[in-house]
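# A closer look at the structure
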Amino acid sequence: MWPGLVGKGSPGAEPCIDLDTMLDRTAKAEVDGVKFDGVDLFLFEPHVSIDSTDDQIKALADKIRSKRIVVGSVVAPVWGPTAGGSAMGSDEERKNFVTQVQKACKIAKKLRALGIRPYGIVRIDSAAGVHDWSADPKGNTKKIAKTFKEAARVAKDHGERLAAEGEICWGGMHSWKHMVDLLEEVGQPKYVGFQADMAHTLLYTLGYNEPKHRIVPENFHWEPAEFHKAMTKLTKALRPWTIDFHVAQNDATVKGSGTHDKTGRHCVVTDPRGKLNIPRDAGYWMRDEKDKVTKKYKHICWDGCMFANEIMTGQQIWNDILAAMIQVRENHGWAA
């Protein structure tokens, strides 16, 4: 449900797309008789309050069930503006971070108990900027890892797993190497893993926000052999940690300001500027080095945050996304 909320609702931005509209478009999408199985939820207003009562959670489950879909992963609102705090911040900020994870895990567990959530993880990130992290890379990574360990204990108590999304705007997670270092520092693969988003991880290969970790050559022009070599190296390092997967498209550009805190652009699946061959490139994450399907997660998700409302409120984009998801499943799903 990210595209209904991310980058929206603030002064000068488009209004949020309400949850009912997002659920309706999901349920109506259909390609050759195939429909979406479910949705991933953002546990924050105006979609789902992180402080929802039991009755509100049950009403949410009933609403989603009426659309003949289920819930997969949920996003914990761990950032300062959503009552969370930086995972490398003050004691109070780090406590707020863990509290938001606890609330998210509580809702996630209740949705499982209501029979509407058969799979999925709780999504987190460091809630810290790259520039702030760079003031003390080793020390800040250890702080983030300590916070993640505390959050992992909460997740374990609720029967949940946490997945940190690899996105170049989050301090300590902004390069593939720093991401691996952080996961190793946490050292709890049963409870803290990696969420790979095809759009964001593509930027890891280009070294945005950490040029020394660039994998492709400086004069790279999307030569197939160099792209394959880079993706092979990237996924060899991160695939063992990957427990949740986002199908996406990217044109390899970033948005942000200055040299830090940039984030990748998601493109619509049919965008001719997109650099990814979606059905093929999903295989780098969904298959191991011997080309065997990994079965490390039970569902895949489309992430297309920051799309314009005009695009998202039409039905065609949903059908286009579904068609791409079907191709990925046919190529790399459990029956492939």
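Residues numbered from 1 in each chain as written. Predicted model: local features only at pLDDT ≥ 70, side-chain atom pairs only at ≥ 80, totals over all residues. Heavy atoms only, no water.

## Let's talk about the layout of surface pockets
Remark: the empty space left among the atoms is shown by a probe the size of a water molecule rolled over them. Within this model, the largest pocket holds a volume of roughly 750 Å³. Lining the largest pocket are 41 residues, and of these Phe36, Ile300, Cys301, Trp302 and Met325 sit closest to its centre. Broken down by secondary-structure element, the contributors of at least two residues to the lining of the largest pocket are α1 (19–28), β1 (38–42), β2 (70–75), β6 (242–247), β9 (300–302) and α12 (316–332). A total of six residues in the lining of the largest pocket trace back to one element, the largest contributor, which is α12. For the lining of the largest pocket, the class distribution of residues is 24 nonpolar, nine polar and eight charged. As for the second largest pocket, its lining consists of 23 residues, of which Trp2, Val6, Gly7, Phe42 and Trp79 are closest to the centre. Each residue belonging to the lining of the second largest pocket can be placed in one class, and the counts come to 13 nonpolar, three polar and seven charged. (1 Å grid on protein atoms, 1.4 Å probe; cavity = no way out; pocket = protein on both sides within 12 Å on 5 of 7 lines; lining within 4 Å. Points joined across faces, edges and corners; volume = space filled by probe spheres on them. Helix = DSSP H or I, 4+ residues; strand = E, 2+ residues; numbered from the N terminus. Nonpolar A, V, L, I, M, F, W, Y, C, P; charged D, E, K, R; others polar.)

## A look at the pairing of strand β5 (residues 192–197)
Burial analysis of β5 places six of its six residues in the buried class, which makes it a mostly covered element. In the sheet, strand β4 (residues 162–165) pairs with β5 via four bridges, with the strands oriented parallel. Its bridge partner being in β5, alanine 163 is matched across the sheet by glycine 193. As for the winding sense of the linkage, the β-α-β connection from β4 through helix α6 (residues 176–186) to β5 is right-handed. Sheet topology places β5 next to β6; four bridges connect them, and they run parallel. Looking at β6, one finds that aspartate 197 is bridged to histidine 246. (Buried < 20%, exposed > 50% of the residue type's maximum accessible area, 1.4 Å probe, protein only. Pairing = 2+ DSSP bridges. Right-handed = clockwise from strand over helix to strand, strands pointing away.)

## Considering the pattern of salt bridges
Within this structure, the stated rule accounts for 22 salt bridges. One salt bridge connects aspartate 271 with arginine 273, and the closest N-O pair in it is separated by 3.0 Å. What emerges from the salt-bridge pattern is a single network uniting Asp24, Arg25, Lys28 and Lys67. (Salt bridge = Lys/Arg side-chain N within 4 Å of Asp/Glu carboxyl O.)

## Considering the sheet that holds β6
Across the sheet, seven strands lie side by side as β1-β2-β3-β4-β5-β6-β9; this open sheet has parallel pairing. Both outer strands of the open sheet, β1 and β9, are each paired with one neighbouring strand and no more. Each strand axis lies, on average, 30° off the axis of its neighbour in the sheet, ignoring direction. Strands in contact with α12 are β6 and β9; relative to β9, the strand with the most contacts, it is inclined by about 150°. (Axes fitted to C-alpha atoms, helices over the stretch in contact; angles between N-to-C directions. Contact = heavy atoms within 4.5 Å.)

## Quick look at the side chain of aspartate 271
In this fold, aspartate 271 is placed in the loop between β8 (260–267) and α9 (278–281). By relative accessible area, which is 12% here, aspartate 271 ends up buried.

## Considerations on the environment of lysine 296
Assignment of secondary structure puts lysine 296 in the loop between α10 (283–286) and β9. Judged by relative accessible area, lysine 296 falls into the partly exposed class, the value being 35%. Along the backbone, lysine 296 and threonine 99 are 197 residues apart, and their C-alpha atoms lie at a distance of 28 Å. Polar contacts involving the side chain of lysine 296 include one to the main-chain carbonyl oxygen of proline 240, which spans 3.1 Å. (Polar contact = N/O pair within 3.5 Å; in protein donor to acceptor, adjacent residues only side chain to side chain.)

## Digging into unusual backbone geometry
Trans peptide bonds make up most of the peptide bonds, and negative phi angles are found at most residues other than glycine. Cis geometry is adopted by the peptide bond preceding proline 46, which originates at glutamate 45 and carries an omega value of 5°. With respect to the helices, strands and loops of the structure, proline 46 is situated in the loop between β1 and α2 (54–66). With phi around 65°, arginine 68 is a residue other than glycine that occupies positive phi space. On the secondary structure map, arginine 68 appears in the loop between α2 and β2. Within the chain, tryptophan 222 stands out as a residue other than glycine whose phi angle is a positive 65°. Following the sequence through the fold, tryptophan 222 ends up in the loop between α7 (198–206) and α8 (224–238).

## Description of the packing of aromatic side chains
Scanning the entire structure with this criterion turns up eleven aromatic pairs. Residues phenylalanine 220 and tryptophan 222 carry aromatic rings whose centres are separated by 4.9 Å and whose planes lie at 55° to one another, so their mutual orientation is tilted. By relative accessible area, which is 26% here, tryptophan 222 ends up partly exposed. (Phe/Tyr/Trp six-rings, centres within 6.5 Å; stacked < 30°, edge-to-face > 60°.)

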